[in-house]
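# Examining the three-dimensional arrangement
One letter stands for each residue in the lines below.
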Amino acid sequence: MENHDAEVDSTSPIVLVIGTTGQVGKLIVDEFDRDPGNVRVRYAARKPEQVNELRAAGRDAVRLDLDDPSTFAHALYGVDRVYPLTGYTVAMLAQSKTLVDAAVKAGVRHIVHQGVFANWDVTDPHFVWHQVIERYIEGSGLEWTHLHPNVFMEGLSSMTPVDDSAFSVYWDDRRVGWIAARDIAAVAATVLRQGPSRHGGKEYWLSTEVASGPEVAAIFSAALNRKIRCDVRGPEEFKASIADRSITIESWYADAGVEFTRQAIDGRMGYIGTVRDDVEFVTGRPSISLRQWAVENRDRLTSSPSA
Ligand SMILES: NC(=O)c1ccc[n+]([C@@H]2O[C@H](COP(=O)([O-])OP(=O)(O)OC[C@H]3O[C@@H](n4cnc5c(N)ncnc54)[C@H](OP(=O)(O)O)[C@@H]3O)[C@@H](O)[C@H]2O)c1
């Protein structure tokens, strides 16, 4: 566990966190609220009301719209370390390229990128976009750290909502590796606090437990003392859910998602179903298991009282 003796002062490094209203970003805010370490944290949000909310809670906040590079210089002024989180869209390519260029101009030293859990020669487009961004960061001259999270446990209650005690997976009965967003946030905050002298040039792999959909359902059922079922589906059903809008998702990302389900099933992305757990190496505490995550997220997983 970290132990910070030094006080934060006006010479402490400034960390800029982007995506603070998202699944991982809001947990990074929690991490820094709990332990700011020896850094000064600045939060970016794209809407003025989000910035005002952060400021009202006593935080340093700036407006930054990843689709509007004219907002970058002000947000990056004086910043030493950046967490440039992007959403589920092909726009991440232009957003990341322009942000990295601006970071170079602003004198940023360290960039910590949240990418994906991929082999170097992966062909699924969404994974490719993240790899292209990583290579661009490495070529920028900035110091870098790459995080490689596997499938978010949070996807079990958002993209495939648990409805009437059932959820769906679209990679048939294949096993995938899972990671809790809280673990990603803990790793990100630790790396951002400790900086490039400790974490520069490092890659951290975040796939902490492997389970198929039915195995997840069995773990959740035991943890919550109620029957939770997994509906095992495939790529065609995923496409149909996108077409009938029961899953809403940007079109390029949707195509990549369908490709992911195909490759997870046919074995080209078989490595998705492996454990590589760097959480404890970075944070000093064990990663969160599916069972623990289910207990912590009981309310979002179940709408009616336990059986
Ligand atoms: N889900 C998975 O299983 C998984 C696995 C591996 C990697 N990933 C990667 O994780 C990332 C997504 O993380 P997440 O789930 O935390 O994302 P998320 O919940 O969708 O949040 C995205 C954040 O980015 C902000 N944002 C979006 N567009 C913006 C813009 N133009 N300007 C400024 N901010 C903008 C959003 O702000 P608003 O509130 O204003 O929209 C939000 O705060 C993606 O890069 C994805 O590839 C996901």
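In what follows, the structure referred to is the one given above.
In this report, we go over the structure that sits alongside the text. In this text, all values refer to a predicted model and were calculated from it rather than measured experimentally.

Along its length, the protein carries 13 helices and 13 strands. For a compact globule of 307 residues, the expected C-alpha radius of gyration is about 19 Å, and the protein comes in at 19 Å, within 12% of that figure. For the protein, the spread of C-alpha atoms along the principal axes amounts to about 55 × 35 × 35 Å. Classification of the 307 residues of the protein by burial places 52% in the buried group. Summed over its atoms, the accessible surface of the protein is roughly 14000 Å², and 50% of this surface lies on carbon and sulfur atoms.

Next up on the list: the packing of helix α1 (residues 25–34) against helix α6 (residues 181–194). α6 packs onto α1 with a crossing angle of 55 degrees between their chain directions and a minimal axis gap of 8 Å. In terms of their interaxial angle, α1 and α6 are classed as oblique. Regarding α1 and α6, the two cross each other, and that crossing is right-handed. Across the interface between the two elements, Leu-27, Ile-28, Glu-31, Phe-32 and Arg-34 from α1 touch Ala-181, Arg-182, Ala-185, Ala-186, Ala-188, Ala-189, Leu-192 and Arg-193 from α6.

A word on the nonpolar core. Trp-171, Trp-178 and Phe-220 are the most contacted members of the largest nonpolar core, which has 34 residues in total. Of all elements in the fold, only β8 (166–169), β9 (176–179), α8 (213–224), α10 (251–266) and α12 (290–296) reach the threshold of two or more residues within this core. When residues of this core are assigned to their parent elements, the largest contribution, five residues, is made by α8. Beyond its immediate sequence surroundings of up to four residues, Trp-178 is in contact with Val-151, Phe-152, Met-153, Leu-156, Trp-171, Ser-207, Thr-208, Glu-209, Ala-211, Val-216 and Leu-290.

Turning our attention to the pattern of salt bridges. The final tally for this structure, using the stated rule, is 20 salt bridges. In this structure, the salt-bridge partner of Lys-97 is Asp-101, at a minimum N-O distance of 2.7 Å. Taken as a pair, Lys-97 and Asp-101 lie in helix α4 (residues 92–106) at a separation of four residues, close to a single helical turn. Classification of Lys-97 as partly exposed rests on a relative accessible area of 38%.

Next up on the list: the site of the ligand. The full set close to the ligand counts 28 residues, and Thr-21, Arg-46, Tyr-88, His-126 and His-130 are the nearest of them. Note that a nitrogen atom of the ligand is positioned 3.2 Å from one of the side-chain N or O atoms of Asp-67. The separation between an oxygen atom of the ligand and a polar side-chain atom of Tyr-88 is 2.6 Å. Computed on the free molecule, the ligand has an accessible area of 940 Å², of which 85% lies beneath the protein chains in the complex. When residues of the shell around the ligand are traced back to their parent elements, those giving at least two are α4, α5 (125–139) and β7 (151–152). Of the residues contributing to the shell around the ligand, the split by class is ten nonpolar, 14 polar and four charged.

Conventions used here
- Sequence order sets the numbering: in each chain, residues are counted from 1 along the sequence as written.
- Where local features are concerned, this predicted model is filtered to residues with pLDDT of at least 70; where side-chain atom pairs are given and counted, the filter is 80 or more; whole-chain, interface and lining totals use all residues.
- Hydrogens and waters are ignored; side-chain quantities use all the structure's heavy atoms.
- Going along the chain from the N terminus, every DSSP run of H or I of four or more residues is numbered as a helix, and every run of E of two or more is numbered as a strand.
- The size measure is the radius of gyration over C-alpha atoms, and the globule rule it meets is 2.2 Å times the number of residues to the 0.38 power.
- The rule is simple: take the accessible area with a 1.4 Å probe, protein chains only, and divide by the maximum for that residue type; under 20% is buried, over 50% is exposed, in between is partly exposed.
- Surface accessibility follows the Shrake-Rupley procedure with a 1.4 Å probe radius. Residue values consider only the protein chains on display as shielding.
- Angular values range over 0 to 180 degrees, each being the angle between N-to-C directions of two axes fitted as lines to C-alpha atoms, with helices fitted over their stretch in contact.
- Each angle gets one of four labels, with under 35 degrees taken as roughly parallel, over 145 as roughly antiparallel, 65 to 115 as roughly perpendicular, and the rest as oblique.
- In this scheme, a crossing is called left-handed if the near helix is turned counterclockwise away from the far one by less than a right angle; it is called right-handed if the turn is clockwise.
- Contacts are residue-level and defined by heavy atoms, with any inter-residue pair within 4.5 Å sufficient.
- Take the buried Ala, Val, Leu, Ile, Met, Phe, Trp, Tyr and Cys residues and link them wherever side-chain atoms come within 4.5 Å; each set so joined is a nonpolar core.
- In what follows, salt bridge is the name for a side-chain nitrogen of Lys or Arg lying within 4 Å of a carboxyl oxygen of Asp or Glu.
- We define proximity as follows: a residue is near a molecule or strand when any one of its heavy atoms falls within 4 Å of that partner.
- Here a polar contact is recorded for every N or O atom pair within 3.5 Å, except that within protein the pair must consist of a potential hydrogen donor and a potential acceptor, and residues adjacent in sequence are included only if both atoms are side-chain atoms.
- Residue classes follow a fixed rule: Ala, Val, Leu, Ile, Met, Phe, Trp, Tyr, Cys and Pro count as nonpolar, while Asp, Glu, Lys and Arg count as charged, and any other residue, Gly among them, counts as polar.

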